Amino acid sequence: GAVVSQHPSWVICKSGTSVKIECRSLDFQATTMFWYRQFPKQSLMLMATSNEGSKATYEQGVEKDKFLINHASLTLSTLTVTSAHPEDSSFYICSARAVRDAGRNTEAFFGQGTRLTVV
Amino acid sequence: AQKITQTQPGMFVQEKEAVTLDCTYDTSDPSYGLFWYKQPSSGEMIFLIYQGSYDQQNATEGRYSLNFQKARKSANLVISASQLGDSAMYFCAMMDNYGQNFVFGPGTRLSVLP
């Protein structure tokens, strides 16, 4: 199967600082990347969808100025949590869809997730 | 808007028995994809099975099968011969006609008893 690498796996940062999370598709070109947030014992909440070369589409209630998403190439998308606060502590996970599957609703590959703790 | 419902927060099953995890969905799209993922405590998302809305046959992948009833908008996951390693969170998910809007249900925690 296709491999999606998400980095870092975990990060601890001080309140007020920014944190960047990378999501790379290693052996395929990703036309679409999804970013999720997951609180303990809860489901994955879709934060935004980014299509390569376009601005990300944010879900209702997600602050686009706080959660900056960049999808500048077909193999890399980044999520930057700006001015992080303790309530931003969560598990963030990305998912990527291959260019070959564009326009269809098949297959999405997940990164390993990033556990963010803001102190 | 798309919505996934999983009405079983937790399920128990005896090892080697079969178990069905429920999933119902709501969408106005004529074409969509349905997925099941397993999430162990490590957090990784493990793909289990996929069903396209126009697929005539129910999907099967090893011990996993999807009971797809389009008219009822249900896509239940059946796990046969449960194993201790099957204990995890299970999520039902749906993707829209264009491969966007990839949303998840609330999940079911499955515990397999020895």
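Scroll up a little and you will see the structure.
Here's what I pulled together on the structure shown here.

Procedures and definitions
Residues numbered from 1 in each chain as written. Chains lettered and ligands numbered in written order. Predicted model: local features only at pLDDT ≥ 70, side-chain atom pairs only at ≥ 80, totals over all residues. Heavy atoms only, no water. Helix = DSSP H or I, 4+ residues; strand = E, 2+ residues; numbered from the N terminus. Areas by Shrake-Rupley, 256 points an atom, 1.4 Å probe, with all protein chains shown as cover. Lys, Arg positive; Asp, Glu negative; His and termini not counted. Charge placed at Lys NZ, Arg CZ, Asp CG, Glu CD. Disulfide = S-S within 2.5 Å. Core = buried A, V, L, I, M, F, W, Y, C linked by side-chain atoms within 4.5 Å. Buried < 20%, exposed > 50% of the residue type's maximum accessible area, 1.4 Å probe, protein only. Contact = heavy atoms within 4.5 Å.

### Thoughts on the overall build of chain B
Here comes step 1: Per the secondary structure count, chain B includes zero helices and 12 strands.
Here comes step 2: Walking chain B from its N terminus toward its C terminus, one meets helices and strands in the order β-β-β-β-β-β-β-β-β-β-β-β.
Here comes step 3: Overall size of chain B, expressed as C-alpha extent along the three principal axes, is 45 × 25 × 20 Å.
Here comes step 4: Taken as a whole, chain B presents about 5,400 Å² of accessible surface, with 50% of it coming from carbon and sulfur.
Here comes step 5: With 8 positive and 10 negative side-chain charges, chain B shows a separation of 4 Å between the mean positions of the two kinds.

### Structural notes on the state of the cysteines
Here comes step 1: One pass over the structure, following the stated rule, counts two disulfides over all chains.
Here comes step 2: Across a sulfur-sulfur distance of 2.0 Å, Cys23 of chain A and Cys94 of chain A are joined as a disulfide pair. Between Cys23 of chain A and Cys94 of chain A, the S-S torsion sits near 80 degrees, and that sign places the bridge as right-handed. Of this pair, Cys23 of chain A sits in strand β3 (residues 19–25) while Cys94 of chain A sits in strand β9 (residues 90–98), and the two are 71 residues apart along the sequence.
Here comes step 3: Here Cys23 of chain B pairs with Cys92 of chain B through a disulfide, and the sulfurs are 2.0 Å apart.

### Some remarks on the nonpolar core
For soluble globular proteins, nonpolar side chains are generally found buried alongside one another.
Here comes step 1: Judged by nonpolar contacts, the single largest core of 42 residues is most densely connected at Tyr36 and Phe110 of chain A together with Trp36, Leu77, Tyr90, Phe102 and Phe104 of chain B.
Here comes step 2: Of all the elements, strand β10 (residues 88–95) of chain B adds the most residues to this core, at eight residues.
Here comes step 3: Not counting residues up to four positions away in its chain, the partners in contact with Phe102 of chain B are Phe34, Tyr36, Leu46, Ser95, Ala108 and Phe110 of chain A together with Phe35, Tyr37, Ala93, Met94 and Met95 of chain B.
Here comes step 4: Residues Val4, Val11, Cys13 and Phe109 of chain A belong to the second largest nonpolar core, which totals 27 residues.

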